[in-house]
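# Coordinates in review
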Amino acid sequence: MSDVVASWDRWNVTYGDKWPAEAVISYVYRDCPRPFSGNALDIGCGNGVNSCFLASEGYAVYGFDISPYGVTKATDYAASRNVNVEFACASIDCLPFKGIQFDVVICVGVFDCVRREMAAASLANLEKRLNVGAKGLFVFAANDDFRTVIDNEWQLDGFVRDEVEALFSNRFRSVYIDELVQTRQGGAVKRHDWVVTIEG
Ligand SMILES: C[S@@+](CC[C@H](N)C(=O)[O-])C[C@H]1O[C@@H](n2cnc3c(N)ncnc32)[C@H](O)[C@@H]1O
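Small disclaimer: the values here were computed from a predicted structure and weren't measured. (Residues numbered from 1 in each chain as written. Predicted model: local features only at pLDDT ≥ 70, side-chain atom pairs only at ≥ 80, totals over all residues.)

## Comments concerning the overall build of the protein
Which entries qualify depends on this criterion: Counting from the N terminus, the helices are DSSP H or I runs at least four residues long and the strands are E runs at least two residues long. For this measure, only C-alpha atoms enter the radius of gyration; the expected value for a globule follows 2.2 Å times N^0.38, where N is the number of residues. Counts of 20 or more other C-beta atoms within 10 Å of a residue's own C-beta define buried residues, counts of 12 or fewer define exposed ones, and intermediate counts define partly exposed ones; C-beta atoms are placed from the backbone. In this description, any two residues whose backbone-derived C-beta atoms lie within 7 Å of each other are considered to be in contact.
When helices and strands are tallied, the protein shows 7 helices and 7 strands. In terms of overall dimensions, the protein is globule-like: its C-alpha atoms have a radius of gyration of 16 Å, near the 16 Å expected for 200 residues. C-alpha extents for the protein along the principal axes are approximately 40 × 35 × 35 Å. Here the protein holds 200 residues, and 40% of them are scored as buried. Pairs at least 24 residues apart make up 69% of the contacts formed inside the protein by residues separated by at least 6 positions.

Shown next as structure tokens:
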């Protein structure tokens, strides 16, 4: 097992939210056409909590992650929630589930974990696998996010706006770049994510 995979296995042993990300819930309810149907993809699915949310809303869901431990955890979680999700172990630059086209894609907290060229390769592959009108949500840390500044055990690499613009430029029918800033402890801890929404 490579050091990278071992490191993300360690992350998945210890971390992973028990509830779906607020950004995913609000995106689906606000931006995705109803009734919720078609194929959804969760890139870097971790413990599968967001995948299972999508499945419970009616999507046929496919999730993948580089961490075998994460994929096992996700598979067990889906079974415990009694939802059907197809999980696979793969790296972001090698999109699995050959032959499947997607209507919704989410990628939460992953682009800041990988090298820039890997994120770019992931988007290049994804472009070819989206149905017309597909919706996508990408959430990842900005360079001043507390996770990239304090400790940074997982070697997260936060983005500045120019990098976000470069990554998504000349791709997709529409791209909106937004930001989500939340502070805690009177501002001592600042969480700062880029929230990029696309239409394929
Ligand atoms: C911060 S976690 C987020 C997990 C999940 N998306 C969530 O919101 O709970 C980052 C995830 O990205 C995965 N990851 C890191 N590098 C990856 C790569 N090259 N390809 C696929 N997944 C990767 C890690 O294993 C981990 O599960």
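## Thoughts on the packing of helix α3 (residues 49-56) against helix α4 (residues 68-81)
Threshold: Whenever a helix is involved, its axis is fitted only over the stretch in contact; in every case the axis is a line through C-alpha atoms, and angles between N-to-C directions fall within 0 to 180 degrees. It is the rotation of the near helix from the far one that decides the hand of a crossing: anticlockwise by less than a right angle makes it left-handed, clockwise makes it right-handed. Residues are grouped as follows: Ala, Val, Leu, Ile, Met, Phe, Trp, Tyr, Cys and Pro are nonpolar; Asp, Glu, Lys and Arg are charged; all remaining types, including Gly, are polar.
Relative orientation of the contacting elements α3 and α4 amounts to 35°, with a least axis distance of 9 Å. Here α3 runs over α4; the crossing is right-handed. In contact with V49, S51, C52 and S56 of α3, α4 contributes A74, Y77, A78 and R81. Classifying every residue of the contact of α3 with α4 gives 5 nonpolar, 2 polar and 1 charged.

## Some points on the pairing of strand β2 (residues 60-65)
Put simply, the test is: One bridge is not enough; two strands pair if DSSP finds at least two bridges between them. Note on handedness: a crossover is taken as right-handed if, strands pointing away from the viewer, the path from the first strand over the helix to the second is clockwise.
For β2, a buried count of 5 out of 6 residues is recorded, marking the element as mostly surrounded by other parts of the structure. For strand β1 (residues 39-43) and β2, the ladder comprises 5 bridges, and the chain directions are parallel. Bridge pairing links L41 to Y62 in β2. Pairing of β2 with strand β3 (residues 85-89), which is carried by 5 bridges, proceeds in the parallel orientation. What sits directly across from V61, in β3, is V85. Regarding topology, α4 serves as the crossover connection from β2 to the parallel β3, and that connection is right-handed.

## With respect to the sheet that holds β2
The strand order across the open sheet formed by 7 strands is β3-β2-β1-β4-β5-β7-β6, and the pairing between neighbours is mixed. In the strand order of this sheet, the two ends are held by β3 and β6 (174-184), each with one partner. On average, each strand axis in the sheet is tilted by 15° relative to the strand beside it, whichever way the strands run. Pairing geometry for strand β4 (residues 102-108) and strand β5 (residues 130-141), over 6 bridges, is parallel.

## A closer look at the packing of helix α1 (residues 3-14) against α4
In a packed pair of helices, the relevant descriptors are the angle between the two axes and the axis-to-axis distance. Between α1 and α4, the least distance of the axes is 7 Å, while the angle of their chain directions is 35°. Side by side, α1 and α4 meet where W8, D9, N12 and V13 of the first sit next to P68, Y69, G70 and K73 of the second. Taken together, the residues that form the contact of α1 with α4 break down as 4 nonpolar, 2 polar and 2 charged.

## Some words on helix α5 (residues 116-127)
The α-helix winds at 3.6 residues per turn, so residues separated by three or four positions along the chain end up facing the same way. Cut-off, in case you're wondering: Multiplying 1.5 Å by the helix residue count minus one yields the expected span of that helix. To obtain the arc, one takes the directions from the helix axis to the C-beta atoms.
In a regular helix each residue adds 1.5 Å, so 12 residues correspond to 16 Å; α5 covers 17 Å between its end C-alpha atoms and thus fits that length. Listing the buried residues of α5 in full gives A119, S122, L123 and L126. The arc that holds the buried residues of α5, viewed along the axis, is 95°, so those residues lie on one side. Within α5, the exposed residues directed more than 90 degrees away from the buried face are E117 and A124. The inward-facing, buried residues of α5 abut β1, β4, β5 and α7 (161-168).

## A word on the nonpolar core
One recurring pattern in soluble globular proteins is that nonpolar side chains are buried together. What counts, and what does not: Note on terminology: a nonpolar core is any set of buried Ala, Val, Leu, Ile, Met, Phe, Trp, Tyr and Cys residues joined through C-beta atoms within 7 Å.
If you look at the biggest cluster of nonpolar residues, it comprises 52 residues, and the most contacted ones within it are V104, V105, C107, V110 and F140. Here this core takes 7 residues from β5, the largest share from any one element. Excluding residues that lie within four positions of it along the chain, F140 makes contacts with G109, V110, F111, D112, F159, D193 and W194.

## Observations concerning the pairing of strand β7 (residues 189-199)
Bridging between β5 and β7 involves 7 bridges; their strand directions are antiparallel. Paired with F138 across the bridge in β7 is V196. Direction of pairing for β6 relative to β7: antiparallel, over a ladder of 11 bridges. Residue Q182 lies in a different strand from β7, and its bridge partner there is R191. Connecting β6 to the next strand, β7, in antiparallel fashion are 4 residues, including Q185 with a positive phi near 50°.

Keep in mind these values describe shape, not function.
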